[in-house]
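Notes for the structure review
So you can see what is in the structure, the chains are spelled out below.
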Amino acid sequence: MSTSDDNSDFEALLDYLKQNCGCNLTGYKHASLMRRLQHRMQQLNIENYRNYLQYLHYHPEEYASLLDTILINYSGFFRDRDSWDYLANQIIPQIITNKQPHERIRVWSAGCACGQEVYTLAMLLVESLGIEQYLQRVQIFATDLDEDALKQARQGSYSEQEIAGISSEFLSKYFEQIEQRYVFHSKLRCPIIFGRHDLTKDAPMSKIDLLVCRNVLIYVQPKTQVSILVRFHFALTKNSFFFLGNSESLINSKQIFTPINLKHRIFAKGQNLTLQDHLLIRPQTRNKKAVDPLTMQTRIWQAAFENSPFAQIAVDRTGRLLVANEQAYALFYLKNGDIGAQVQDLEVGRVVNSWAFMRQLDRDWAKPTAGGNRQPMSRKNIEWATDISTIYLDIYITPISDQSGKLLGANLTFIDVTSYRELEDELKHTNSKLTRVTQELQSTKNVLATTHTELECAQKELDTVHQEIQLIRQDLHHI
Ligand SMILES: C[S@@+](CC[C@H](N)C(=O)[O-])C[C@H]1O[C@@H](n2cnc3c(N)ncnc32)[C@H](O)[C@@H]1O
C-alpha cells in the first residue's frame, strides 16, 4: 500500500522528470507508472522514490533505462491481423477513391515504437497503389517519444523472431535478408519521415488522411487522452480515418470520432467538434516556462509555410531543394524523392533559374548592409507553358540567413497571376475595340455632318429652282 509520503515522493519524481528531462509523465496512469517504476527500482536495489530520484540526479544515464521501462515499445508486424486486413480491404481503397489521382496521401503512425507498424502500413499502401504511385504520392509520418525506438525504426532491420507476423510472400517482396537480419527495402523507406514527437505536448501533424495510433492511449489518463484526441481531430482532413489498438476504447463523449467498425477500432473524423474543443489544447501550453520560444516560433513558421495559400519552396545556397509545401508539390508535380535535388533539374527549374538568383543574392549579400540590397527580389509575370495550359507566375525570392547574418539560402513564393493576366488581356482587347468603335463613330459623325451640309446646299438649290419656277410662272402669266 502506498503512503502519503510515497505519493508526494512519486509526484516529486514526476516533477523532476518534467523539469529536467523534458518528459511529462503526469498524464500517464499513475497505478501502472508506479508498478513499472517499482520494477526498475527493484532491479537497482533502491527502496523508495526519494532514493531513486537521488540516484537519477547522480546518474543521468539512468534516464534512458527509465524510459525503456515506462514506455514499453512492444510492437509487431500486422499485429491483430484481422484489423489490418479490414484496413487494407475496406479503408485504404476508400482513402484512395476520395483523392484526385495526383493528390498526396498523408499517413501518421503516432507511437510507432520500433517501426513494425509503419512498415506494415507501407506494405499495404504499396499493395493498393503500386510502387510508382506509392513513391510519388504517399507521405508517412512515423513519430514516437522514445529516441532509441526511433533509431531502430529508422534502420528498418528486424530479427527472425520479429518478422514472425509477415507472410513469406511479403517477406521476399519487401525485405532483403542480410545475414541473420531482415531489412525493409531502402527505396520504399523514402516516403517515411521519422521524428521524435510527444503526443501530450507537441503540435499535431496536419492534413492527415489516415492516423494510426495503436496501443499508446491505454497508458495515459482520461484527461490527457481527451486532449490528445482533440489534437488528432485537428490533424485529420475531412474524409479521413483513425485506427486504434484492439484493446483500446475511445473517450468520445463529444463524438469527436464516428465509429466505422468498432470491432476493428476504426473511426472516421466526426464533424461535431467546436472551436472551443480545439482550444482544449491550450491548458497544456499555458505554462510559459515550458514553451521554448524558438520551438514555438519554428512551429508557427512551419504552420504558416505549410498552410500558405501560395506554393512555397526553400532552397539552399547551391540551389538544392530543401523543403516544399503542399501547394508547391501540387503545382510543380514534385515527388518526395525531389527533396535534395537541384531545382534546375526539376519542373520548377523551368520557371525560375535558381543558380542565377542565388548568384545575385550572393552578390547583394557581399555588399555592406546600408548600401546592399537585402530586400526580397521579385520576378513578375513569368510564363510557364505546361502540357495542358500556359500559366503566369509572380515569384518573390526572400533571402534566408542565420543569426550571424550568413546567407543560407532563399524562400521562394509563387503566386499564380494567370487570371489577372487574362483579365488584363481582356481589358486591353476591350480598350482597343472601344478605340476602334470611337473612331468609327467619329467618321460616321463626319459623314453625317457632310451629308447634312450637302442636304442644306441641295435644299438651297431646290429653293432657288423653286424661286426660278415661281418667276417663270409669273412671267408666263404676264405673257
Ligand atoms: C506499446 S507501443 C505501441 C507500438 C505500436 N503502435 C503498436 O501498436 O504496435 C507504445 C509506444 O508509444 C510510445 N509513447 C508513449 N507515450 C508517448 C507519447 N506521449 N508520445 C509519443 N509516443 C509515446 C512509446 O514510446 C511506445 O513506443
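Look up a bit, the structure's there.
The present account deals with the structure reproduced in this document. For clarity, every value in this text was computed on a predicted model and none was experimentally measured. (Residues numbered from 1 in each chain as written. Predicted model: local features only at pLDDT ≥ 70, side-chain atom pairs only at ≥ 80, totals over all residues. Heavy atoms only, no water.)

**Some thoughts on the overall build of the chain**
Tallying secondary structure elements over the chain gives 16 helices and 15 strands in all. The C-alpha radius of gyration computed for the chain amounts to 36 Å, which surpasses the reference 23 Å derived for 479 residues by more than 25%, pointing to a less compact arrangement than a globule. In terms of its C-alpha atoms, the chain occupies a principal-axis envelope of roughly 160 × 60 × 50 Å. For the chain, buried positions account for 42% of its 479 residues. The contacts of the chain with a sequence gap of at least 6 include a subset with a gap of at least 24, amounting to 62%. (Helix = DSSP H or I, 4+ residues; strand = E, 2+ residues; numbered from the N terminus. Rg over C-alpha atoms; globule rule 2.2 N^0.38 Å. Buried < 20%, exposed > 50% of the residue type's maximum accessible area, 1.4 Å probe, protein only. Contact = heavy atoms within 4.5 Å.)

**Comments concerning the packing of aromatic side chains**
Between two aromatic rings, the relevant description is the distance of the centres plus the angle of the planes. Enumeration according to the criterion identifies 17 aromatic pairs in this entry. Between the aromatic rings of Tyr119 and Phe184, the centroid separation amounts to 4.5 Å while the plane-to-plane angle is 35°, which identifies the pairing as tilted. You can see Tyr119 sitting in helix α6 (residues 116-129) and its partner Phe184 sitting in strand β5 (residues 181-184), a full 65 residues away along the chain. Judged by its relative accessible area of 0%, Tyr119 is buried. Looking at Arg214, its charged tip hangs above the ring of Phe243, at a distance of 4.4 Å from the centre. (Phe/Tyr/Trp six-rings, centres within 6.5 Å; stacked < 30°, edge-to-face > 60°. Lys NZ or Arg CZ within 6 Å of the ring centre and 35° of its normal.)

**Brief notes about the site of the ligand**
The immediate surroundings of the ligand are formed by 21 residues, with Tyr28, Ser75, Glu117, Asp144 and Asn215 found nearest. A distance of 2.3 Å separates a nitrogen atom of the ligand from a polar atom in the side chain of Tyr28. With respect to the ligand, the side chain of Asn215 contributes an N or O atom lying 2.8 Å from an oxygen atom. Calculation on the ligand without its partners gives an accessible area of 600 Å², and the protein chains cover 98% of this total. The class makeup of the residues in the shell around the ligand is nine nonpolar, six polar and six charged. (Near = heavy atom within 4 Å. Polar contact = N/O pair within 3.5 Å; in protein donor to acceptor, adjacent residues only side chain to side chain. Areas by Shrake-Rupley, 256 points an atom, 1.4 Å probe, with all protein chains shown as cover. Nonpolar A, V, L, I, M, F, W, Y, C, P; charged D, E, K, R; others polar.)

**Quick word on the sheet that holds strand β13 (residues 377-385)**
Taken together, the five strands give an open sheet; going across it, the order is β12-β11-β15-β14-β13, and neighbouring strands pair in antiparallel fashion. The two strands at the open ends of the sheet, each matched to only one other strand, are β12 (321-324) and β13. Strand-to-strand, the axes of this sheet are offset by a mean angle of 25°, without reference to chain direction. Relative to strand β15 (residues 407-416), strand β14 (residues 390-401) runs antiparallel, the two being bridged by nine bridges. Counted as the bridge partner of Asp394 is Ile415 from β15. Contacts from helix α15 (residues 354-366) reach β11 (311-316), β13, β14 and β15, with the element oriented near 130° to β15. (Pairing = 2+ DSSP bridges. Axes fitted to C-alpha atoms, helices over the stretch in contact; angles between N-to-C directions.)

**Topic: the sheet that holds strand β10 (residues 266-269)**
The strand order across the open sheet formed by seven strands is β6-β2-β1-β7-β8-β10-β9, and the pairing between neighbours is mixed. Whereas interior strands pair on both sides, the edge strands pair on one side only; in this sheet they are β6 (192-196) and β9 (257-261). In this sheet, neighbouring strand axes are inclined to one another by 20° on average, regardless of whether the strands run parallel or antiparallel. Of the strand pairs in this sheet, strand β1 (residues 105-110) and strand β7 (residues 208-213) are connected by three bridges, and their pairing is parallel. Opposite Val107, over in β7, you have Leu210 as the bridge partner. Strands in contact with α6 are β1, β2 (138-144), β6 and β7; relative to β1, the strand with the most contacts, it is inclined by about 160°.

**Topic: unusual backbone geometry**
In this model, Phe78 sits at a positive phi of 50°, which is unusual for a non-glycine residue. Following the sequence through the fold, Phe78 ends up in the loop between α4 (62-71) and α5 (81-97). Not every positive phi belongs to a glycine, and Asn381 is a case in point at roughly 55°. The residue Asn381 is located in strand β13 in this model.

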